[in-house]
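Residues per chain are reported as follows:
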Amino acid sequence: MTKGLVTPDLQLQLEGYGLSLVEVHYYMPDHPSLLQLFSFQQYDVAPRFPALHHFLDHWRREIEATLHSIRLNHRQLIGAGEWRNVATEWVIN
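Bear in mind that the values here come from a model prediction, so they are computed numbers and not experimental data.

A.B. asks: Honestly, the pattern of salt bridges in this entry has me stumped. Any pointers?
C.D. replies: Two side chains bearing opposite charge may form a pair once their charged atoms approach each other closely. The tally for this structure, following the rule as stated, stands at two salt bridges. In this structure, R71 and E23 form a salt bridge, with 3.6 Å as the shortest nitrogen-oxygen distance. Of this pair, R71 sits in strand β3 (residues 66-75) while E23 sits in strand β1 (residues 18-28), placing them 48 residues apart in sequence. When its relative accessible area of 48% is taken as the criterion, R71 is described as partly exposed. Overall, E23 belongs to the buried group, its relative accessible area being 19%.

As structure tokens, this is what we get:
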């Protein structure tokens, strides 16, 4: 990797995006008794989730399926590191 280049995924994480796992449960009109699942991952910003809202707007306009439920898991991948002050040091031998 060339020095100074940042991958697009890392750039999003540095801008505050986290990784979202979205599970969409839905019914198709031709099989209303069959609950189906569509899942995907994307980078998004909590708590507004603009990418998820964009996807759901597209779903409502273009896809002939009825939404049943949506499950969302979100995790910030880059955050403040853990730091602990060590007050004592023991030397053995």
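Text resumes after the structure shown.
A.B. asks: Even after reading the chapter, I still don't get the sheet that holds strand β2 (residues 31-44), so can you show me in this structure?
C.D. replies: Adjacent strands of a sheet form backbone hydrogen bonds with each other and so pair up, either parallel or antiparallel. Strand order in the open sheet formed by three strands is β2-β1-β3, and the pairing between neighbours is antiparallel. Each edge of the sheet is formed by a strand with only one pairing partner; in this case those strands are β2 and β3. Looking at each pair of strands side by side, their axes are set apart by 15° on average, direction ignored. Alignment of β1 against β3, held across nine bridges, turns out to be antiparallel.

Cut-offs applied
Residues numbered from 1 in each chain as written. Predicted model: local features only at pLDDT ≥ 70, side-chain atom pairs only at ≥ 80, totals over all residues. Heavy atoms only, no water. Salt bridge = Lys/Arg side-chain N within 4 Å of Asp/Glu carboxyl O. Helix = DSSP H or I, 4+ residues; strand = E, 2+ residues; numbered from the N terminus. Buried < 20%, exposed > 50% of the residue type's maximum accessible area, 1.4 Å probe, protein only. Pairing = 2+ DSSP bridges. Axes fitted to C-alpha atoms, helices over the stretch in contact; angles between N-to-C directions.

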